[in-house]
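Geometric and topological summary
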Amino acid sequence: MNLPFKNRFYISGILMSLLVGCASPIQSVTPPSESIPATETITAPEPTIAPSPKADKPTYSEVVGTYPAGVNLCKTEASLEGISANGSWLLNGDIQIIDNQMQVKCYGTKITVNVEGGELILDGVIYAKGALLTVDKDLNWIEVSSWE
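Quick caveat: nothing in here was measured; it's all calculated off a predicted structure.

A few words on the state of the cysteines. As enumerated under the stated definition, the model contains one disulfide in all. Each sulfur of the disulfide joining Cys74 and Cys106 lies 2.1 Å from the other. With the S-S bond torsion at 70°, the cross-link from Cys74 to Cys106 turns out right-handed. Residue Cys74 is located in the loop between α2 (60-64) and β1 (77-83), and its partner Cys106 is located in the loop between β4 (101-103) and β5 (110-113); the two are separated by 32 residues in the primary sequence. Of the two residues, Cys74 and Cys106, neither departs from the other in class, the shared state being buried.

Dropping the structure here:
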């Protein structure tokens, strides 16, 4: 027997051993000793509904109720459409004017964010498109859940 034939013989023997070993039956897995009775049903948990992002925000009326006694409410009701490069607000709606000055950040103001692109950063706070803004008792911007 020459050497190349002998190598083929060994390789054939190894392959046959592997094939025979792989062809042996798969052993069955023994079920766990504790099983669920057939009468018990398993139900999936109820899906949770995410709370509305406005759920934790006060209403406009609640904020107005915190204003100092005797303040006059301004009549500004506008949509904030954007902010120009120089920082001017682009408003669409009714803006109260007193002494030739537009009254925007005033007690009772109602501003709806409608900025193209979705978000607005105002005094370091991010407001999403559709946010309803007024001012709190200290004349800081505050988001409300509704205009009621």
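Strand order in the open sheet formed by five strands is β2-β1-β5-β8-β9, with mixed pairing between adjacent strands. In this open sheet, the two strands that pair with only one neighbour each are β2 (89-94) and β9 (141-144). Across the sheet, the mean angle from the axis of one strand to that of its neighbour is 35°, orientation sign disregarded. The pairing of β1 with β2 spans six bridges and is classified as antiparallel. Each bridged residue has a counterpart across the sheet, and for Glu77 the counterpart in β2 is Asp94.

Okay, the pattern of salt bridges next. Applying the stated criterion to the full structure yields two salt bridges. Where Lys57 meets Asp56, a salt bridge forms, and the shortest distance between an N and an O atom there is 3.6 Å. Where Asp123 meets Lys105, a salt bridge forms, and the shortest distance between an N and an O atom there is 3.4 Å. Taken together, the residues Asp123 in the loop between β6 (119-122) and β7 (125-128) and Lys105 in the loop between β4 and β5 connect sequence positions 18 residues apart. Residue class for Asp123 comes out exposed when judged on its relative accessible area of 58%. Assessed through its relative accessible area of 37%, Lys105 is described here as partly exposed.

The rules we used
- Residues numbered from 1 in each chain as written.
- Predicted model: local features only at pLDDT ≥ 70, side-chain atom pairs only at ≥ 80, totals over all residues.
- Heavy atoms only, no water.
- Disulfide = S-S within 2.5 Å.
- Helix = DSSP H or I, 4+ residues; strand = E, 2+ residues; numbered from the N terminus.
- Buried < 20%, exposed > 50% of the residue type's maximum accessible area, 1.4 Å probe, protein only.
- Pairing = 2+ DSSP bridges.
- Axes fitted to C-alpha atoms, helices over the stretch in contact; angles between N-to-C directions.
- Salt bridge = Lys/Arg side-chain N within 4 Å of Asp/Glu carboxyl O.

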